[in-house]
Amino acid sequence: MPAPRKYEAETQERAVRMYRERIAEHGGSKIAARRHVGELLDIAPATLRNWIEAAEREDSLTVSTSDSDAGLDEVRRLRKDTVTPNYAGPMRV
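Attention here is on the structure that accompanies the text. (Residues numbered from 1 in each chain as written. Predicted model: local features only at pLDDT ≥ 70, side-chain atom pairs only at ≥ 80, totals over all residues. Heavy atoms only, no water.)

**A few points about the overall build of the protein chain**
And step 1. Looking only at helices and strands, one finds three helices and zero strands in the protein chain.
And step 2. Of the regular secondary structure in the protein chain, the N- to C-terminal order runs α-α-α.
And step 3. Every one of the 93 residues in the protein chain was classed for burial, and the buried ones make up 14%.
And step 4. Entry remark: accessible area of the protein chain is about 8,000 Å², with carbon and sulfur atoms responsible for 53%. (Helix = DSSP H or I, 4+ residues; strand = E, 2+ residues; numbered from the N terminus. Buried < 20%, exposed > 50% of the residue type's maximum accessible area, 1.4 Å probe, protein only. Areas by Shrake-Rupley, 256 points an atom, 1.4 Å probe, with all protein chains shown as cover.)

**Topic: helix α2 (residues 30-41)**
And step 1. An ideal rise of 1.5 Å per residue puts 16 Å on twelve residues; α2 measures up with 16 Å between its terminal C-alpha atoms.
And step 2. Within α2 the residues assigned to the buried category are Ala 33, Arg 34, Val 37 and Gly 38. When α2 is viewed along its axis, its buried side chains cluster within an angular range of 130° and face the same direction. Away from its buried face by more than 90 degrees, α2 exposes Arg 35, Glu 39 and Leu 40. (Expected span 1.5 Å × (residues − 1). Arc of directions from axis to C-beta.)

**Brief notes about unusual backbone geometry**
For residues that are not glycine, phi is negative in most cases, and the peptide bond is trans in most cases.
And step 1. Even without a glycine there, the phi angle at Asp 42 is positive, about 60°.
And step 2. Its place among the elements puts Asp 42 in the loop between α2 and α3 (45-82).
And step 3. Looking at Asp 42, the relative accessible area reads 65%, which means it is exposed.

**Details of the nonpolar core**
And step 1. Ranked by size, the top nonpolar core spans eleven residues in total: Ala 15, Val 16, Met 18, Tyr 19, Ala 33, Val 37, Ile 43, Leu 48, Trp 51, Ile 52 and Ala 55.
And step 2. For this core, the secondary structure elements donating two or more residues are α1 (9-26), α2 and α3.
And step 3. Excluding residues within four positions of it along the chain, Ala 15 makes contact with Val 37, Leu 41, Leu 48 and Trp 51. (Core = buried A, V, L, I, M, F, W, Y, C linked by side-chain atoms within 4.5 Å. Contact = heavy atoms within 4.5 Å.)

**Focus on the side chain of Arg 34**
And step 1. One can find Arg 34 in helix α2.
And step 2. For the buried residue Arg 34, which engages in no salt bridge, the nearest side chain bearing the opposite charge is Glu 53, 6.1 Å off.
And step 3. Aside from chain neighbours lying at most four places away, what touches Arg 34 is Tyr 19, Pro 45, Leu 48, Arg 49 and Ile 52. (Lys, Arg positive; Asp, Glu negative; His and termini not counted. Salt bridge = Lys/Arg side-chain N within 4 Å of Asp/Glu carboxyl O.)

Structure, rendered in structure tokens:
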């Protein structure tokens, strides 16, 4: 049985949002931004790093999925075009 979660999903989302805002507004190092947000919310910087990395993976999957969907639509269209009822089979001589 997995350990109970110490932080709620809302807290995680808020921390990641605050980290991203800190980077966008002040620039600087990612470590400094994690430390700053961690101090504000009383969360370990390593925990924040895990949440941030997970959020970045989710974001990249979302982008990849939408690209993949467009690609799948194209593949389906091409397959449909190649299997047409107009095909009469091999030519007989």
